[in-house]
Amino acid sequence: MAERTVGEAIRDAAERLAGSSDTARLDAEVLMAHALGCSRSSMLLSRMRDPAPKGFAALVDRRAEHEPVAYVTGHQEFFGLPFIVGPDVLIPRGDSEVLVEAALAARPDARTVLDCGTGSGALLLAVLANLPEAQGVGIDRSPGARVVATANADALGLGARARIVEADWHAPGWDDALDGPFDLILANPPYVETTVALDRSVAAYEPAEALYSGEDGLDDYRILVPQLPRLLSANGVALVEIGYRQAASVAAIGQEAGLSSRLHRDLGNRPRVLEFSTAA
Ligand code: GLN
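The rules behind the values
- Residues numbered from 1 in each chain as written.
- Predicted model: local features only at pLDDT ≥ 70, side-chain atom pairs only at ≥ 80, totals over all residues.
- Heavy atoms only, no water.
- Pairing = 2+ DSSP bridges.
- Helix = DSSP H or I, 4+ residues; strand = E, 2+ residues; numbered from the N terminus.
- Axes fitted to C-alpha atoms, helices over the stretch in contact; angles between N-to-C directions.
- Contact = heavy atoms within 4.5 Å.
- Buried < 20%, exposed > 50% of the residue type's maximum accessible area, 1.4 Å probe, protein only.
- Right-handed = clockwise from strand over helix to strand, strands pointing away.
- Near = heavy atom within 4 Å.
- Polar contact = N/O pair within 3.5 Å; in protein donor to acceptor, adjacent residues only side chain to side chain.
- Areas by Shrake-Rupley, 256 points an atom, 1.4 Å probe, with all protein chains shown as cover.
- 1 Å grid on protein atoms, 1.4 Å probe; cavity = no way out; pocket = protein on both sides within 12 Å on 5 of 7 lines; lining within 4 Å.
- Sits in = over half its atoms within 2 Å of the grid points.
- Nonpolar A, V, L, I, M, F, W, Y, C, P; charged D, E, K, R; others polar.
- Phe/Tyr/Trp six-rings, centres within 6.5 Å; stacked < 30°, edge-to-face > 60°.
- Parallel < 35°, antiparallel > 145°, perpendicular 65-115°, else oblique.
- Left-handed = near helix turned anticlockwise from the far one by under 90°.

1. Comments concerning the sheet that holds strand 7 (residues 232-241)
Here is step 1: Taking strand neighbours across the sheet as the criterion, the seven strands line up as 5-4-3-6-7-9-8 in an open arrangement whose pairing is mixed. Either end of the sheet is taken by a strand with one partner, and the two such strands are strand 5 (162-166) and strand 8 (260-265). Averaged over neighbouring strand pairs, the angle between their axes works out to 20° when direction is ignored.
Here is step 2: Of the pairings in the sheet, the one linking strand 3 (residues 112-116) to strand 4 (residues 135-140) comprises five bridges and is parallel in character. Bridge pairing in strand 4 links Asp115 to Gly138.
Here is step 3: Sheet strands touched by helix 6 (residues 97-106): strand 6 (182-187), strand 7, strand 8 and strand 9 (271-277). Its angle to strand 7, the strand with the most contacts, is close to 165°.
Here is step 4: Strands strand 4 and strand 5 of the sheet are contacted by helix 8 (residues 143-155), whose axis makes an angle of about 170° with strand 5.

See the structure below:
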């Protein structure tokens, strides 16, 4: 039998993945480009008639078991930057890019940035990449996340401006060594209700401690948001990602703490980010 080409193997894989993924063809192409060690565009331009690489089938097997493509390739793009990802960190979502945009628009002059629950470092590093004068610190309670975020800071050439620290906002004194206050605070805390059944690809693979936050999903906001006024510099701004039904509840937690808020919507026009400030 003639060897299968890249193009044929992609077509077969897309058929196989149709049952487990809404983006089967794209998934197959991304996995094949990864197996070939080239970009998807150069694969589509010039590699489709090459023999299919041996390693491809094993990658497709993993995706067929609902593992996210980003964990299979170890890579996810966010805000136009390449990020290393793995099972210790949430995969950066396109919807979170609005938080970065809102941060850059609110304080283009920011010199100090704190990212609470930095995970892969995506929010912090995307902001720092666009604010060449700023210094940042990303905290996470997960030691595994600290390793990934540090690797990303170094890989993006931001290691000298981004400090990644293991810390947990539930612990007294957690911010003592952070050199605050901060002009910008970013946070994508866990906010999923523990009762919600997430997609299998999320629930079975992404870190539960980055997703769930009590029965109503608000536990982490209740701890973190009241601490923001203490952490913000004068005219400082905090951008907090929220679930699309949580805007009113989280704004109320902020108001209780003396923070005024402004809502930003994501690409699907759903409430996604609250911008908190101490100014009236
Ligand atoms: N947006 C994520 C999801 O829907 C949740 C992220 C979070 O809890 N911080 O899976």
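2. Description of the pairing of strand 4
As a general feature of sheets, a regular strand has side chains that alternate between the two faces.
Here is step 1: Among the six residues in strand 4, five count as buried, and that is most of the element.
Here is step 2: Between the parallel pair strand 3 and strand 4, the chain is carried across by helix 7 (residues 122-130), and the sense of this crossover is right-handed.
Here is step 3: The pairing of strand 4 with strand 5 spans five bridges and is parallel. Bridge assignment links Gly136 to a residue of strand 5, and that residue is Ala162.
Here is step 4: As for the winding sense of the linkage, the β-α-β connection from strand 4 through helix 8 to strand 5 is right-handed.

3. Some thoughts on the site of the ligand
Here is step 1: Inspection of the region around the ligand gives Leu90, Arg93, Asn188, Pro189, Pro190, Tyr191, Val192, Ala210 and Leu211 as its neighbouring residues.
Here is step 2: Residue Pro189 places a main-chain N or O atom 2.7 Å away from a nitrogen atom belonging to the ligand.
Here is step 3: Between the ligand and Tyr191, the relevant distance is 3.1 Å, taken from a nitrogen atom to a side-chain nitrogen or oxygen of the residue.
Here is step 4: The fraction of the free accessible surface of the ligand (300 Å²) that becomes covered by protein chains is 83%.
Here is step 5: With respect to the detected pockets, the ligand is housed in the largest pocket.
Here is step 6: Its residues assigned to classes, the shell around the ligand shows seven nonpolar, one polar and one charged.

4. Remarks on the packing of aromatic side chains
Working definition: an aromatic ring pair is given by the centre-to-centre distance plus the angle between the planes.
Here is step 1: Applying the stated criterion to the full structure yields three aromatic pairs.
Here is step 2: Both rings, one in Phe78 and one in Phe83, keep their centres 6.3 Å apart while their planes meet at 65°; by these two values the pair is edge-to-face. Phe83 shares its class with Phe78; the two are buried.
Here is step 3: Pairing Tyr191 with Tyr221 gives two aromatic rings, centres 6.4 Å apart and planes at 15°, and the pair type is stacked. Of the two residues, Tyr191 is situated in the loop between strand 6 and helix 9 (200-203) and Tyr221 in helix 10 (residues 219-224); the sequence distance between them amounts to 30 residues.

5. Some words on the packing of helix 6 against helix 7
Here is step 1: For the pair helix 6 and helix 7, interaxial distance at closest approach is 10 Å and the crossing angle is 40°. Between helix 6 and helix 7, the crossing angle belongs to the class labelled oblique. Helix-helix and strand crossings are classified by hand; for helix 6 and helix 7 the assignment is right-handed. Taken together, the residues of helix 7 that come into contact with helix 6 (itself represented by Leu99, Val100, Ala103 and Leu104) are Leu123, Ala126, Val127 and Asn130.
Here is step 2: Here the contact of helix 6 with helix 7 is composed, by residue class, of seven nonpolar, one polar and no charged.

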